[in-house]
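Residues per chain are reported as follows:
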Amino acid sequence: MKQKNKLRYLSIIITILLICLIIYKLKYFENINNFENENENENENENGKIAFLFLTYSNLKRPDIWNRFFDDKNSNKFTIYNHAKESDKVTDILIKDKHIPEHINTCWKCLNLVEANLLMMKQALQDPLNQKFILISDSCI
């Protein structure tokens, strides 16, 4: 049974790495196309943003730290996306209105956690200014 769990975790990790590689490649080729059209999009690199993708159970464990990190002065430098298991229980101001439209039921150590991250990534890729993507759980600092 332990071997089966190890293989399952390994397959989840490999899946996540492959997803990251695909996203990197997509962004790489998109950047090449943008580079070719440099005269049309001179300010694109200056206005690039970081997409923070929060996968949470409900609220953040340390909202005080995150609120300080995301001060309003730099709001044009990042975007926040959230997929909460219990979105109706979210009260944190930072992520309360940042839920992605699509939602799936998730469980601990399940493959559907990868699917939830993919849904957030899909949403974040719709904003052409998002150039970097960070996956975060509710307990990350």
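Nothing here was measured: the structure is a model prediction, and the numbers come from that model.

(A) Structural detail: a nonpolar patch on the surface. Taken together, the side chains of Leu7, Leu10, Ile14 and Leu18 make up a nonpolar region of the molecular surface, amounting to roughly 360 Å² of accessible area. Relative to the helices and strands, Leu7 resides in helix α1 (residues 2-36). Accessibility expressed as a relative area gives 48% for Leu7, which makes it partly exposed.

(B) Spotlight on the confidence of the model for the protein. Across the protein, the average pLDDT comes to 82, with 80% of residues at or above 70. Predicted confidence for residues 39-45 stays below pLDDT 50, and this span has five contacts to residues more than four positions away or in other chains.

(C) Expanded view of the sheet that holds strand β2 (residues 78-84). Judged by pairing direction, the sheet is parallel, and its three strands sit side by side in the order β2-β1-β3 without closing on themselves. The open sheet has two edge strands, β2 and β3 (130-137), and neither has a second partner. Neighbour to neighbour, the strand axes of the sheet diverge by 20 degrees on average, direction disregarded. With seven bridges joining them, strand β1 (residues 49-56) and β3 adopt parallel strand pairing. Pairing of Leu55 across the sheet is with Ser137, part of β3. Across the sheet, helix α4 (residues 112-124) is in contact with β1, β2 and β3; its angle to β1 comes to roughly 150 degrees.

Conventions we followed
Residues numbered from 1 in each chain as written. Predicted model: local features only at pLDDT ≥ 70, side-chain atom pairs only at ≥ 80, totals over all residues. Heavy atoms only, no water. Patch = residues over 30% accessible without salt bridge, like charges linked within 9 Å, V, L, I, M, F, W, Y side chains within 5 Å. Areas by Shrake-Rupley, 256 points an atom, 1.4 Å probe, with all protein chains shown as cover. Salt bridge = Lys/Arg side-chain N within 4 Å of Asp/Glu carboxyl O. Helix = DSSP H or I, 4+ residues; strand = E, 2+ residues; numbered from the N terminus. Buried < 20%, exposed > 50% of the residue type's maximum accessible area, 1.4 Å probe, protein only. pLDDT = per-residue confidence, 0-100. Contact = heavy atoms within 4.5 Å. Pairing = 2+ DSSP bridges. Axes fitted to C-alpha atoms, helices over the stretch in contact; angles between N-to-C directions.

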